[in-house]
Structure formats: C-alpha cells, structure tokens
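# Notes for the structure review
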Amino acid sequence: MNNNKEQLWSVGKWAGVLLVIFLAVVSIKEFVSIKYVGKPDQYMNTISVNGKGEAISIPDIATFSFSVTETAKTVAEAQTKATEKTSAALVAIKAGGVEEKDIKTLSYSINPDYEYTSGICTPYQCGPSKQTLKGYVVSQTIEVKVRDLSKAGALFETIGAAGVQNVNGLAVSIDEIESVKAVARAEAIADAKTKAEKIAKDLGVRLVRITSFYDQSDNGPYYDGRAMNESMSVSAVKAQVAPEIPTGEQKITSNVTITYEIR
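Residues numbered from 1 in each chain as written. Predicted model: local features only at pLDDT ≥ 70, side-chain atom pairs only at ≥ 80, totals over all residues. Heavy atoms only, no water.

## Here's the deal with the overall build of the chain
Quick note on the threshold: Helix numbers and strand numbers start at the N terminus; a helix is a DSSP run of H or I with at least 4 residues, a strand a run of E with at least 2. For each residue, the accessible area found with a 1.4 Å probe, counting protein chains only, is set against the maximum for its type, and the residue is called buried under 20%, exposed over 50%, and partly exposed in between. Between two residues, a contact is recorded if the distance between any of their heavy atoms is within 4.5 Å.
The secondary structure content of the chain amounts to 5 helices and 9 strands. Moving toward the C terminus, one meets the helices and strands of the chain in the order α-β-β-α-β-β-α-β-α-β-β-β-α-β. For the chain, the proportion of its 263 residues judged to be buried stands at 28%. Residue pairs in contact within the chain that sit at least 24 positions apart in sequence constitute 85% of those at least 6 positions apart.

What follows is the structure, given as structure tokens:
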C-alpha cells in the first residue's frame, strides 16, 4: 500500500515538474512575441525598379454630341417641336450608317421660362419685381459614336442640315483602349524585370520573389496628330462641306514599380 502511495507521489511530482516547465516555455515565448507586435514579421533585403512601356494605336472611333432646345407656351408644344427636330436628325444619322446601339441620350430636361420685370421705383423705394411665366424650354442632348471615321465629317454636315442648333465635341479615340493599355503595361513589366535582373547580377544576389507591384500609369491619351474637338453652331456646320477628321496616332504610356526580395 505504501509502495503505491510512493509511486503515485513520484508520478504526480514529475507531472508537476513537466507542467511547470511547459508553462515557463509558453510564458517566455509570449513575452518575446510582445516585442514584435505591430512590426514586420522579418526584415527582407529588397530592390525596387521602375519600368516604362508604350503602345501606339490609331484611333478607330469618333464621338460627338448634339443638342436640340425648343421653347413654347406649353410643355406639350415644346416637346413636340424638340421631338420633331431630334427625330429628323436621328433619321439622318442612322441613314449614314450609325447603329442604334451607338446612339444614346445624355440628358433631357424641361424647365419653365420666366420673364422678369423690375418694379416701379420712386424717390423713396422700388416696388417688387414681377415674374411672368412665358412658357417652357425642352432640351435634349444626344451622343453619337461613329465607327466609320470616313463618314464622321459627312454626318456633321447632315446634322447641321437637319436644323440642329448645336453640334459639340467631335473627338477621336480607340474603342478597345484596354487592350492597348495591356500591351503598354506588359512592356513596362518586361522593362522592370530586365532592370532588376541586371541590378541583381551586379550586386551578386538573386531575385527570390516579387513582394509588391504598383501601376502608376495615368494612361491618358497622347495624340501625335490633330483631332477636331470644338463646339459648332448650326451656321458653322452648314458652311462646311464634309470636313476632314485627321486622327493621328494615340500613344498610351505605362509606368510600373516592382519590388523584389533578394538573397
């Protein structure tokens, strides 16, 4: 019986010792980890390189908008006048080869048209001004995308002949611009990779992995050529005969920064 008690006491003693050791190890580990809270897991040797790429493409679409504004004593009358003129312009545009999907309304508004009369003034004071409703103004602006650039100038002339008051901002651009940006970006990445490999060789180290990538491209269009981008009145449009629309070239520039871990 005494032997069993001694064995149990011995086992319990060693179990207690092991528990104390375990708790001590855990405590030390937690204490050490406190120093690294909020800090990077491990310092890495890195290099950062910049890369630049360009892609040049010829614009393949032209976009412009036109506005119709009509005033009448009633909303219905103003709408009828505006609709008739807009419909005539749309018929001409579609006859020129523009598809329905490339025509969209940018804005449509109906506003009251007031006439203001100043009050009668005496040496002492002026009477209240008077506001009189004259009618209503209906305005509609439509954007048109022309995929056949050879017809863009003729469509401008057609719009003017339809009696539209304002034709605005004929500008050329690239329809699938994202694919051009991708080409420029790929060239920039290749440029950065080449520079990184050269630097690593000069330093006698090796590239391990990419730790960060930053695309700082604005991808704004740069034109090497001329494009029409101006507002024209109906009289100005009628005075021209199918104006030419030079497209030039559009250059997309991509700038990237890549950071590599080195060893």
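## As for the side chain of Thr-259
With respect to the helices, strands and loops of the structure, Thr-259 is situated in strand β9 (residues 249-262). Setting aside residues up to four positions removed in sequence, Thr-259 forms contacts with Thr-46, Ile-47, Ser-48, Arg-209, Ile-210, Thr-211 and Ser-212.

## Some details on the environment of Phe-64
Tracing the sequence through the fold places Phe-64 in strand β2 (residues 61-72). Along the primary structure Phe-64 and Ala-152 are separated by 88 residues, whereas in three dimensions their C-alpha atoms are 9.2 Å apart. Ignoring sequence-local partners within four residues, the contact set of Phe-64 consists of Ile-142, Glu-143, Val-144, Val-146, Phe-156, Ile-159, Val-167, Asn-168, Gly-169 and Leu-170.

## Describing the packing of aromatic side chains
For clarity, the cut-off: Think of it this way: a Phe, Tyr or Trp ring, Trp meaning its six-membered ring, pairs with another when their centres are within 6.5 Å, and the plane angle makes it stacked under 30 degrees, edge-to-face over 60, tilted otherwise.
Counted according to the given criterion, the structure contains 1 aromatic pair. The interplanar angle of 50° and the centroid separation of 6.4 Å between the aromatic rings of Tyr-114 and Tyr-116 together place this pair among those described as tilted. Since its relative accessible area comes to 57%, Tyr-116 is described here as exposed.

## Describing the pairing of β2
The criterion, for reference: A pair of strands is considered paired only if DSSP assigns at least 2 bridges between the two.
Across the 12 residues that make up β2, a large majority, 9, are buried. Direction of pairing for β2 relative to strand β5 (residues 166-173): antiparallel, over a ladder of 6 bridges. Bridge assignment links Phe-66 to a residue of β5, and that residue is Val-167. In the sheet, β2 pairs with strand β4 (residues 130-146) via 11 bridges, with the strands oriented antiparallel. Looking at the pairing, Ser-65 lines up with Glu-143 of β4.

## Quick notes on the packing of helix α2 (residues 75-95) against helix α3 (residues 152-161)
The cut-off we apply is this: What counts as an axis is a line fitted to C-alpha atoms, over the stretch in contact for a helix, and the angles between N-to-C directions run from 0 to 180 degrees. Here roughly perpendicular refers to angles of 65 to 115 degrees, roughly parallel to angles under 35, roughly antiparallel to angles over 145, and oblique to all remaining angles. With the far helix as reference, a near helix turned anticlockwise by less than a right angle produces a left-handed crossing, and one turned clockwise produces a right-handed crossing.
Where α2 meets α3, the closest approach of the two axes is 9 Å, and the angle between their N-to-C directions is 155°. Judged on the interaxial angle alone, α3 and α2 are roughly antiparallel. As α2 packs across α3, the resulting crossing turns out to be right-handed. Here Ala-89, Ala-92 and Ile-93 of α2 lie close against α3, whose contacting residues are Leu-155, Thr-158 and Ile-159.

## A look at the side chain of Glu-261
As a reminder of what qualifies: Here a polar contact means two N or O atoms within 3.5 Å. Within protein one must be a hydrogen donor candidate and the other an acceptor candidate, and residues neighboring in sequence count only if both atoms are side-chain atoms.
Here Glu-261 lies in strand β9. The class of Glu-261 is buried, set by a relative accessible area of 6%. Within polar-contact distance, the side chain of Glu-261 engages the side chain of Arg-263 at 3.2 Å. Leaving out residues up to four positions away in the same chain, Glu-261 has contacts with Met-44, Asn-45, Thr-46, Arg-206, Leu-207, Val-208, Arg-209 and Thr-211.

## Details of the pattern of salt bridges
Selection rule: Salt bridge, as used here: a side-chain nitrogen of Lys or Arg that lies within 4 Å of a carboxyl oxygen of Asp or Glu.
A full pass over the atoms with the stated rule returns 14 salt bridges. Lys-81 is the salt-bridge partner of Glu-70, the closest N and O atoms lying 3.8 Å from each other. Here Glu-70, found in strand β2, pairs with Lys-81, found in helix α2; they are 11 residues apart in sequence, far enough to count as distant. Since its relative accessible area comes to 32%, Lys-81 is described here as partly exposed. Of the charged contacts, one joins Lys-198 and Asp-202 as a salt bridge, the two residues approaching to 2.8 Å between their closest N and O atoms. Of the two residues, Lys-198 and Asp-202 both sit in helix α4 (residues 177-203), 4 residues apart, roughly one turn of that helix. Assessed through its relative accessible area of 48%, Lys-198 is described here as partly exposed.

## Structural notes on the nonpolar core
Applicable threshold: In this text, buried Ala, Val, Leu, Ile, Met, Phe, Trp, Tyr and Cys residues form a nonpolar core when linked through side-chain atoms within 4.5 Å.
Grouped together as the largest cluster of nonpolar side chains are 24 residues, with contacts concentrated most on Phe-64, Phe-66, Ile-93, Val-98, Val-144, Val-146 and Ile-159. Apart from the residues within four sequence positions on either side, Ile-93 is in contact with Phe-66, Val-98, Ile-103, Val-144, Leu-155 and Ile-159. In terms of nonpolar packing, the next biggest core, distinct from the first, is built from 9 residues, Val-49, Ala-188, Ile-258 and Tyr-260 among them.

## Some remarks on the environment of Val-256
Assignment of secondary structure puts Val-256 in strand β9. In this structure Val-256 comes out as buried when scored by relative accessible area, which is 0%. Note: C-alpha distance between Val-256 and Glu-187 (69 residues apart in sequence) is 9.9 Å.

Taken by themselves, the reported measurements are silent on function.
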